[in-house]
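Results of the structural survey
Letter by letter, the chains look like this.
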Amino acid sequence: MGKRDMPKYRLGIDLGGTKMHAVVINRKGKVLGSARRATKPEDGYKAVLRRLVDTADEAAEDAELDLDDFDAIGLGMPGPIDDRRGMVHLAPNLGWRERSVADDLKRVIKRPVVLGNDVNFGCLGEVTHGCANGSASAFAAFVGTGLGGGVVLNGRLENGLHGFAGEIGHVPAPFGDAACACGLKGCLETSASKTGIIRLILEEQRRGTKSLIRLKKGDRLKSSQLREAWKRRCPATRAAVARSCRALGWGLGAVAGVIDPEVFVLGGGVMEAMGDELLPLVRDGMTEFSMCYRERKPDLRLAALGDDAVAIGAAVASAAEE
Ligand SMILES: [Zn+2]
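Right, let's walk through the structure included here. Each chain carries its own residue numbering, running from 1 in the written order of its sequence. Under the rules for a predicted model, residues below a pLDDT of 70 receive no local features and side-chain atom pairs below 80 are neither given nor counted, while totals for whole chains, interfaces and linings still include all residues. For side-chain calculations, the full set of non-hydrogen atoms in the structure is used, while hydrogens and water are omitted.

Grid points spaced at 1 Å and placed over the protein atoms alone form the basis of the search, with a cavity being a set where a 1.4 Å probe fits but cannot get out and a pocket an open set showing protein on both sides within 12 Å along at least five of seven lines. Lining residues have an atom within 4 Å of a point. Grid points are joined across faces, edges and corners, and a volume is the space filled by probe spheres set on the points. In total, this model carries one cavity of 30 Å³ or more according to the counting rule given. Considered as a void within the structure, the largest cavity measures approximately 40 Å³ in volume. Looking at the largest cavity, the residues that line it are Val 143, Ala 192, Ile 197, Ser 244, Cys 245, Leu 248, Val 270, Met 271 and Leu 278. Every element with two or more residues in the lining of the largest cavity is listed here: helix 6 (235-258) and helix 7 (269-289). Amino acid classes used here: Ala, Val, Leu, Ile, Met, Phe, Trp, Tyr, Cys and Pro are nonpolar; Asp, Glu, Lys and Arg are charged; the rest, including Gly, are polar. In the lining of the largest cavity, the residues fall into eight nonpolar, one polar and no charged. For helices the rule is a DSSP run of H or I covering at least 4 residues; for strands it is a run of E covering at least 2, with both sets numbered from the N terminus onward.

Right under this line is the structure:
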């Protein structure tokens, strides 16, 4: 497809368990309009589809456009996605199982819908219009409550046969055998995520490492609180975060051994809050564990699109439809 034939405007939606967020971008990735709404999955599947239409409509209007101006709509959402059939297998936060989301939304929004995994679309957004703009290949790791990842190779998003490409959070890692939310034990996510950091802080406290925050099992921790404890040089927090970053460095080193991408993108709530501090620790982990990066410096970059990454990536993906 030549540049002349490419649509001038694109619309993408990021659908999460609590909120949805739509953006309209131009070819350069500039956000021309946006809209947000609560998801309210408890209202049922059809009500959420209806709200997606309203949110897309509002974003289009915000950009002084109409839904008819878009050849297709991109939709990113959590869960393993069958991108060929436009189906989600399981999205626990939404209570959806085996839903033909692309077809069902197409019926009400009257545009073709390109469905994809939110983390994958976030990766595509960063590679196309964010921090890794211009790279042919990249791996993005998103460190939030869990650990997600996405792969772009030769400028194309890799979904994998079962939608599991880039799922770095649930590879078995050599850092203990803590129970993971997925049902397995010792997944990388049990160390390299906020859930993992909390687990490691608790472990440090049990070991007698001095701690300025008193965490109990089951406690939550905001990324801003984590940054605060880090800045106050809380010994347990520092030790736990260092172990977490070392584990992530191991994971990215393993990725280098499989696909050797040009750029590694670090995003997600934890990285947004304190990425500058953590990036060198992750790099050290890669140096320690990766043959490729033992004597080279990896190109590690912090995600640049923040909250918009998934919606922008979804908008980019929608252009693949024509
Ligand atoms: Zn797991």
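Having seen the model, we can carry on.
Turning our eyes to something else, we now look at the coordination of the zinc ion. For Na, K and Ca the donor cut-off is 3.2 Å, while for other metals it is 2.8 Å, and in both cases only N, O and S atoms qualify; water is not among them, so sites may look incomplete. Protein-derived ligands of the zinc ion are His 170 (ND1), Cys 180 (SG), Cys 182 (SG) and Cys 187 (SG), with the metal-ligand distances lying across 2.0 to 2.3 Å. Considered as a linear motif, the donors of the zinc ion on their single chain read H-x9-C-x1-C-x4-C. Categorising residues by exposure relies on relative accessible area from a 1.4 Å probe, with only protein chains included: less than 20% of the type maximum marks a residue as buried, more than 50% marks it as exposed, and the intermediate range marks it as partly exposed. Cys 180 sits in the buried class, given a relative accessible area of 10%.

Let us now look at the packing of aromatic side chains. Any Phe, Tyr or Trp ring, taking Trp's six-membered ring, that has another such ring centre within 6.5 Å forms a pair; planes under 30 degrees apart are called stacked, those over 60 apart edge-to-face, and the others tilted. As enumerated under the stated definition, the model contains four aromatic pairs in all. Consider the rings of Phe 175 and Trp 250, whose centres lie 5.9 Å apart with planes at 85 degrees: the pair is edge-to-face. Of the two residues, Phe 175 is situated in the loop between strand 11 (156-158) and helix 4 (194-207) and Trp 250 in helix 6; the sequence distance between them amounts to 75 residues. For the pair Phe 175 and Trp 250, a shared accessibility class is recorded, and that class is buried.

With that settled, the discussion passes to the packing of helix 6 against helix 7. For the pair helix 6 and helix 7, interaxial distance at closest approach is 7 Å and the crossing angle is 60 degrees. The angle between the axes of helix 6 and helix 7 places the two elements in the oblique class. Both helix 6 and helix 7 take part in a crossing whose hand is right-handed. Packed against helix 6, whose contacting residues are Val 241, Ala 242, Cys 245, Arg 246, Leu 248, Gly 249, Trp 250, Leu 252 and Gly 253, the element helix 7 presents Met 271, Leu 278, Leu 281, Val 282, Gly 285, Met 286, Glu 288 and Phe 289 at the interface. Only the stretch in contact is used when fitting a helix axis, every axis being a line fitted to C-alpha atoms; angles between N-to-C directions are given from 0 to 180 degrees. Angles below 35 degrees are treated as roughly parallel, those above 145 as roughly antiparallel, those between 65 and 115 as roughly perpendicular, and all remaining angles as oblique. Here is the rule for handedness: rotate from the far helix to the near one, and if that takes an anticlockwise turn smaller than a right angle the crossing is left-handed, while a clockwise turn gives right-handed. By definition, residues are in contact when any of their heavy atoms lie within 4.5 Å.

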